[in-house]
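# Close look at the chain arrangement
So the chains spell out like this:
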Amino acid sequence: MGRNSSVPPPILDDNGGAGGNDLGFHSIRDRFPFKRNPNPSHHRGRDRGLADRGLSSLRHRPHHRFYRKGGKSAFYSVLIFVLFGFAAATMLLQSSMTSVFRQGSERGRLLRDGLKFGSTLRFVPGRVSQRFVQADGLDGARKEPRIGVRPPRLALILGNMKKDPHSLMLITVMKNIKKLGYRLKIFSTANGKARKMWEEHGGPISVLAPEKYSLIDWSIFEGLIVASLEAKELISSLMQEPFCSVPLIWIIQEDTLAKRLPSYAEMGWTHLVSHWKSVLSRANVVVFPDFTLPMLYSVLDTGNFFVIPGSPVDVWAAESYSKTHSKNQLRKNNRFSEDDMLVLVVGSSFFFNELSWDYAVAMHSIGPLLIEYARRKDAEGLFKFVFLFGNSSDGYDDAFQEVASRLGLHQGSVRHYGLNDDVNSVLLMADIVLYGSSQDVQGFPPLLIRAMTFGIPVIAPDFPVLKKYLVDGVHTVFFPRHDPDALLKAFSQMISNGKLSKFARTVASSGRLIAMNLLASESITGYARLLESVLNFPSDALLPGPFSQLQQGTWEWNLFGSEIDYGTGNINENQASVENSSVIHSLEQEFSGFSYSTNTSENGTENLARDNPTQLDWDILREIELSEEYERLEMEELAERMESDPGQWDDIYRNARKAEKLKFEANERDEGELERTGQPVCIYEIYIGSGSWPFLHHGSLYRGLSLSTKARRSKSDDVNAVDRLPVLNETFYRNVLCEIGGMFAIANKVDNIHKRPWIGFQSWRAAGRKVSLSKKAERVLEQAIQDNTKGDVIYFWSRLNRNGGVTGSKDALTFWSACDILNEGHCRNIFEDAFRLMYVLPSNAEALPPMPEDGGHWSALHSWVMPTRSFLEFAMFSRMFVDSLDALHTNSTKRNICLLGSSEPEQRHCYCRVLELLVNVWAYHSARTMVYIDPLSGSLEEQHPVEQRKGFMWAKYFNSTLLKSMDEDLAEAADDGDHPRDMWLWPLTGEVHWQGIYEREREERYRLKMDKKRKTKEKLFERMKYGYKQKTLGG
């Protein structure tokens, strides 16, 4: 093999294995026809290694949480038990089966050693998902007073809009979610036939192109629901600040990726597995519709896997198949007579290849049934027992015929079908379906749902999960496990004169009716309960209604009606279309860089033409690398020893200039900074995290202000707020201060960074919420600044009523009412307490500055422009107010609970919503002219005219002279080390300067000047006295 040979990725069979590779267990849901090991003879040599690896992963993988329950008996113990427990006929039957099952490979023996008789695989939610299982939801929050004004917002991201069972499940759930009060915004990565249906029940749909994934402000939503693996590329934007904390629920209904995971392990593509694991770990919870899928995806589980059972996929598949296939024709094709009584024996949803004990127990249980009925020949036909398990190519069919002949059964009375056959056809041909597995099931078996949908009566053990949804004698007939007599009695109720009894037909009819909407109610309420546990409901959001009020227990079949595509009746076509357009295959090409090369095996499946590197290839490659490294070092040593001509002076000068230029370009300011020269204003756009980069502007008017050192844009001259204000390096203060922390960073020694007469700020959220300045509005603003003759003016363009629709109702809210809504109803009280503490007012004095109710606009999102001198005064006021606010939430040793938010994100950003509105209080009471500029049209409109404020303004508290004196008092205390408390915030938010510091600095400069002057005089005097003495050479 050459070093440059490419290793092609495996082409999967229908089961997801590479050329028939089987790693132990597979789900049968949504995967018919099912090819588990279509070419077993080709892989016997590697079976042992696969088994060892599979068992090792089952036992030692830290997040593989599947527990085995059961006895300690092995497969052969079952045979001994059967041998001593039954009559000669049953012994003969079991021994015949044993002779067949002993043909299993070494791999089967190893798996039997790991999975004992009676063992059961169960999915248990991990540490992350356990919180949602144990959570009480919103029961406690509903008992507390709340003044929310808007519905909670949810974003639903669809992979496609096809009319398939996945869309049926989603639209049923989302329609009921809306009834609880949620507001949906639907996005999709592709268009589809179901778009009109989604728009009727979910509103307008935005079809996103890949380049638009990063242009959506996801922070406006209380949570996101991603409904397909196809939306994986969008997740990358949600893994970066500021969107990485937005709750995300990822629903995975397809098994496309699960089929590929064994192949990745075969190929050694651990980097691709790690990539998918990292992507799925972003989700707060990954939801599956049944208990089989999380087991197939277990290698990617980081503790956030969760199951909400319920999906119409099996009903859809059965309905589709029955529309295009005839029961009589299928019997004819399979050499069954119309008069034959076919009894189909099925088992667990997981089938372990070549592990026979599950079916050995089934044979043990139905042994008397076979002896009783399979030997009979009525006038109307024969009783025939069909077993559905394993592969049709493994020799089981011949073994079953041997069993029939030894027991004296009629030819063909016992037949075997493998899971690589058309399972739907086997189910549709049957007259009775017997669930013969001894394993307790965690979820409702999908084979039984399909059988009931086909209208086949079902006999099943009395498992708790079955008894939870089905009524004995109405929808099915139950029998106690390991009780052959009870099974005979149950079977006899289904038969009358060699045909199905009237009772059996009634059971089949009732079973079909309940199967159509089985688990629909559990799915709807399960998602409603999960949303309550996962989402964060901010103070201004209304709480959704309790899920107990949901009464719907059916899938929305009527929305699809006759438009369901029954073209082939094979749901695998839907799955194939997913695979063909899947992002999974493009990722494989991107990560591997390998080319595809396939060949077709005898049974029609595609296998890999792989050319794996051998140890010899790696040794040769290593030798080449060492040789190249040795030559490089040798040439460098020779170059150092040789004399080199420095060249002409012009060349040296040119190279030096080039080096300086390259050094300058590393820190060169962008084109916008060059254009800012001579501009009267600069607007600093405050952002945190690379996820907000697409919302930032470029040009002469704007400059970035990053609250995080690591998330600065590399090719721009953005200001690093952390470097200018070290307190922002502490996560707690960076979170509670938010954008105003960036303003403090600019105000700290402002002359070093900003030398323009006007200054402005804008949060990155303004662009995300479509309220940033248009080009026209920017020109109007610049002209207004140049023509300003009104003194101190503050121009703002993001209104409070456009900040999440707070005042979007007909009944306009007052300023303080809106503030209360945004801060859990405590804004007035906290503001009043902080104001009183700041000015040391008595407890009986009014401390809440009045704000007018004149219907004018107020600034939001820190989007405004004002003179630089006014900004410094505002920063001075804000620093003292923030310090008082912080004092209310801290004591001498620890921080108290935040009262300004109800949800976890609100408490983490405790002061942010109050500080966002603080500029309005300061501007109003300091007699600044407030002008609103429309961000689209650029029209100017003065708000709250100064002339109308007389009698309402608290000018004495906002007087600049008073603020300066208070600032100097705090600076003096900080300079003397007289801190009012251990956790004192004020000195950390900016400059500490007062007259004493100025005088001390002046005295220090004077002292240094005098010392220098004294030393100079002493040196001159020494020279005049002794003369000047030159030091000796080398002395």
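Residues numbered from 1 in each chain as written. Predicted model: local features only at pLDDT ≥ 70, side-chain atom pairs only at ≥ 80, totals over all residues. Heavy atoms only, no water.

## Things to note about the confidence of the model for the chain
Put simply, the chain has an average pLDDT of 78, and 73% of its residues get 70 or more. Below a pLDDT of 50 lies the segment residues 566-581, which in the model reaches 39 contacts outside its immediate sequence neighbourhood of four places, other chains included. This stretch, residues 663-668, has a pLDDT under 50; its non-local contacts, to residues over four places away or in other chains, come to zero contacts. (pLDDT = per-residue confidence, 0-100. Contact = heavy atoms within 4.5 Å.)

## Considerations on the layout of surface pockets
Within this model, the largest pocket holds a volume of roughly 1300 Å³. Forming the boundary of the largest pocket are 50 residues, of which Ser219, Pro242, Arg765, Pro905 and His909 lie nearest the centre. Of all elements in the fold, only strand 20 (681-687), helix 30 (731-737), helix 32 (764-768), helix 37 (904-908) and helix 38 (912-925) reach the threshold of two or more residues within the lining of the largest pocket. In terms of residues, the lining of the largest pocket owes the most to one element, helix 38, which gives four residues. Split by residue class, the lining of the largest pocket holds 21 nonpolar, 15 polar and 14 charged. (1 Å grid on protein atoms, 1.4 Å probe; cavity = no way out; pocket = protein on both sides within 12 Å on 5 of 7 lines; lining within 4 Å. Points joined across faces, edges and corners; volume = space filled by probe spheres on them. Helix = DSSP H or I, 4+ residues; strand = E, 2+ residues; numbered from the N terminus. Nonpolar A, V, L, I, M, F, W, Y, C, P; charged D, E, K, R; others polar.)

## Some thoughts on empty space enclosed by the protein
What the rule picks out here adds up to ten cavities of 30 Å³ or more. The computed volume of the second largest cavity comes to approximately 170 Å³. Forming the walls of the second largest cavity are 14 residues, and the residues nearest its centre are Asn160, Asp164, His166, Ala227 and Ser228. Among the elements that take part in the lining of the second largest cavity, helix 7 (residues 165-179) stands out by supplying three residues, more than any other. Across the lining of the second largest cavity, the residue classes tally to five nonpolar, six polar and three charged.

## With respect to the packing of aromatic side chains
For the structure on display, the rule yields 39 aromatic pairs. Judged by centre distance (5.0 Å) and plane angle (70 degrees), the rings of Phe288 and Phe305 are edge-to-face. In this pair, Phe288 sits in strand 8 (residues 285-288) while Phe305 sits in strand 9 (residues 305-307), placing the two residues 17 residues apart along the sequence. Across this residue pair, the class does not change: Phe288 and Phe305 are buried. Their ring planes at 80 degrees and their centres at 5.1 Å tell us that Phe815 and Trp816 sit as a pair that is edge-to-face. Each of the two residues, Phe815 as well as Trp816, counts as buried. Pairwise contacts between aromatic rings join Phe815, Trp816, Phe831, Phe835, Tyr839, Trp858, Phe877, Phe881, Tyr924, Trp954, Tyr957 and Phe958 into one cluster. It is Lys185 that lies over the ring of Phe187; its NZ or CZ is 5.6 Å from the centre. Residue placement shows Arg415 over the ring face of Phe336; its charged tip is 4.0 Å from the ring centre. (Phe/Tyr/Trp six-rings, centres within 6.5 Å; stacked < 30°, edge-to-face > 60°. Buried < 20%, exposed > 50% of the residue type's maximum accessible area, 1.4 Å probe, protein only. Lys NZ or Arg CZ within 6 Å of the ring centre and 35° of its normal.)

## Some points on the sheet that holds strand 26 (residues 929-933)
If you walk across this open sheet you meet the eight strands as 22-21-20-23-25-24-26-27, and the pairing is mixed. Strand pairing shows two members of the sheet lacking a second neighbour, strand 22 (719-720) and strand 27 (940-943), which therefore form its edges. Where strand 20 and strand 21 (residues 702-706) come together, five bridges link them in parallel fashion. Looking at strand 21, one finds that Glu685 is bridged to Gly704. Packing of helix 31 (residues 739-747) onto the sheet brings it into contact with strand 20, strand 21, strand 22, strand 23 (758-763) and strand 25 (864-867), and relative to strand 23 it is tilted by some 155 degrees. Along the sheet face, helix 36 (residues 868-888) touches strand 23 and strand 25 and points at about 105 degrees away from the line of strand 25. (Pairing = 2+ DSSP bridges. Axes fitted to C-alpha atoms, helices over the stretch in contact; angles between N-to-C directions.)

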